[in-house]
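# Topology and contacts: notes
Spelled out, the chains give:
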Amino acid sequence: MSATRISTPRPEGLDVLAGPEGTFAIVALDQRNTLRRMFTAVGQDGATADLRAFKHDVVAALSPSASGFLLDPDFGVPAAVADGAAATSCGILVACEPAERQKWNGEPRPGRDPRLNAAWATDMGGHAVKFFVQMRPDRSHPAGEPDLIAEALDVVREVIADCRAAGIPSIIENLIYPIPGEEELSAQAKADAVVEAARLLNELQPDLLKLEYPGTPKDTRRIAEAIDVPWAVLSAGVPFDQFQEVLKIACDEGGASGFIGGRAIWREAVGMAPGERQTFLAETGRRRLDECVAAIDGRAVPWRSVADK
């Protein structure tokens, strides 16, 4: 049975997305094109109705254990809010980056649709904005080419200012991407890029950073040294057991305030018939989420203790 969502006063700031301890157990379900590809991979077309029904079932099963849900505006937010799938205790974080993103010579180029702003997110029932960029801080800037790093920072600066004006939290996510034609990044080069991107984004002072695990406890400590805003670790599609270890290291070594994780928790539900899917999510999915919450219990740093420093 779906949880009924009613309009109630929400806490201020990041508490709207946090649990009682001030830490984050947020389930990510904002995938659109990626989710369609996942459906295609199991022989299904991923029609709009299928995606909305899938997201409804995930939210209904997991939101009672989650402090928040990260959702896309096309399928996820309607399933959670209009269809009443989300538990009332669960904050709604809306993905406000454009679904189709620009490119420059094969690289992602940052861009923002000003219509997808904080007011737009709250009007649909959201409590906070998440904005996704892909920034390579080690990227060279040849003469005559756009400065993709500066462009990304400018876009993020606009998002943060818009959220501040509207009085809702801004959550900024970065993923390191491969530059076409370059050799694969070494593990250390990837870690360096993750840490430097975190440092650059931290200078803009978003309310929360959503960051990749840089690969080692030592490099995770570098994140803690580079930033002074709260951060949550993302799952990046890693297997569940691996994500469990990432959570412990991110909190113990990097001072993370929790997680924003998705596929590690619900991936196998894609392709299942509705009844089978609902059972899997209610049993396996809920157990996995509860284990993630247990993994950060006593480890994750309450966000206010970071923000108030």
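Attention here is on the structure that accompanies the text. All values reported here derive from a predicted model rather than from experimental measurement.

The rules behind the values
- Residues numbered from 1 in each chain as written.
- Predicted model: local features only at pLDDT ≥ 70, side-chain atom pairs only at ≥ 80, totals over all residues.
- Heavy atoms only, no water.
- 1 Å grid on protein atoms, 1.4 Å probe; cavity = no way out; pocket = protein on both sides within 12 Å on 5 of 7 lines; lining within 4 Å.
- Points joined across faces, edges and corners; volume = space filled by probe spheres on them.
- Helix = DSSP H or I, 4+ residues; strand = E, 2+ residues; numbered from the N terminus.
- Nonpolar A, V, L, I, M, F, W, Y, C, P; charged D, E, K, R; others polar.
- Axes fitted to C-alpha atoms, helices over the stretch in contact; angles between N-to-C directions.
- Parallel < 35°, antiparallel > 145°, perpendicular 65-115°, else oblique.
- Left-handed = near helix turned anticlockwise from the far one by under 90°.
- Contact = heavy atoms within 4.5 Å.
- Salt bridge = Lys/Arg side-chain N within 4 Å of Asp/Glu carboxyl O.
- Phe/Tyr/Trp six-rings, centres within 6.5 Å; stacked < 30°, edge-to-face > 60°.
- Expected span 1.5 Å × (residues − 1).
- Buried < 20%, exposed > 50% of the residue type's maximum accessible area, 1.4 Å probe, protein only.
- Arc of directions from axis to C-beta.

### Comments concerning the layout of surface pockets
If you add up the space inside the largest pocket, you get close to 610 Å³. Along the wall of the largest pocket there are 26 residues; nearest its centre are Q31, T34, R101, F132 and L175. Only α1 (33-41), β6 (128-133) and β10 (258-261) provide two or more residues apiece to the lining of the largest pocket. At 3 residues, the largest contribution of residues to the lining of the largest pocket is made by α1. Here the residues of the lining of the largest pocket sort into 8 nonpolar, 8 polar and 10 charged. Where the lining of the second largest pocket is concerned, the elements lending two or more residues are β1 (24-29) and α10 (274-296). Within the lining of the second largest pocket, the residues separate by chemical class into 9 nonpolar, 6 polar and 2 charged.

### Description of the packing of helix α2 (residues 48-62) against α10
Describing two packed helices takes the angle between their axes plus the distance from one axis to the other. Here α2 crosses α10 at 40°, and the two axes come no closer than 9 Å. The pairing of α2 with α10 is recorded here as oblique in orientation. Between α2 and α10 lies a crossing whose hand is right-handed. Residues A53, F54, D57, V58, A61 and L62 of α2 form the contact with α10, whose own contacting residues are P274, R277, Q278, L281, A282, G285, R286 and L289. Among the residues forming the contact of α2 with α10, the class breakdown is 9 nonpolar, 2 polar and 3 charged.

### A closer look at the pattern of salt bridges
Tallied over the full model, the rule gives 28 salt bridges. Linked by salt bridges that have partners in common, D30, E97, K130, E173 and K210 make up one network.

### Comments concerning the packing of aromatic side chains
Given two aromatic rings, their pairing is described by the distance between the two centres and the angle made by the two planes. A complete count under the given rule lists 3 aromatic pairs for this structure. Plain terms: the ring middles of F243 and F259 are 6.0 Å apart, the flat faces sit at 90° to each other, and that makes the pair edge-to-face. Of this pair, F243 sits in helix α8 (residues 240-254) while F259 sits in strand β10, and the two are 16 residues apart along the sequence. Connected via pairs of aromatic rings, a cluster forms that spans F39, F54 and W266.

### Quick word on α2
Taking 1.5 Å of rise per residue, 15 residues should cover 21 Å, and α2 covers 21 Å from first to last C-alpha, within 8% of that figure. Of the residues making up α2, those classed as buried are L51, F54, K55, H56, D57, V58, V59, A61 and L62. Among the structural elements, β1, α1, β2 (68-71), α3 (76-82), α9 (263-266) and α10 are those in contact with the buried residues of α2.

### With respect to unusual backbone geometry
The phi torsion at N105 lies on the positive side, around 50°, for a residue other than glycine. Mapped onto the secondary structure, N105 falls in the loop between β4 (102-104) and β5 (107-109). One non-glycine residue, Q205, adopts positive backbone phi at about 60°. Residue placement: Q205 occurs in the loop between α6 (187-202) and β8 (208-211). Taking the relative accessible area as the measure of exposure, Q205 reaches 34% and is therefore partly exposed.

### Brief notes about α8
Here α8 contains 15 residues, and its C-alpha end-to-end distance of 20 Å stays within 8% of the 21 Å for a straight helix at 1.5 Å per residue. When we look at burial in α8, the residues that qualify are F240, F243, Q244, V246, L247, A250, C251 and G254. An end-on view of α8 places all buried positions within 165° of arc, on one side of the element. Where α8 is buried, its residues touch α7 (217-226), β9 (231-234), β10, α9 and α10. A positive phi of about 70° marks G255, the residue just after α8.

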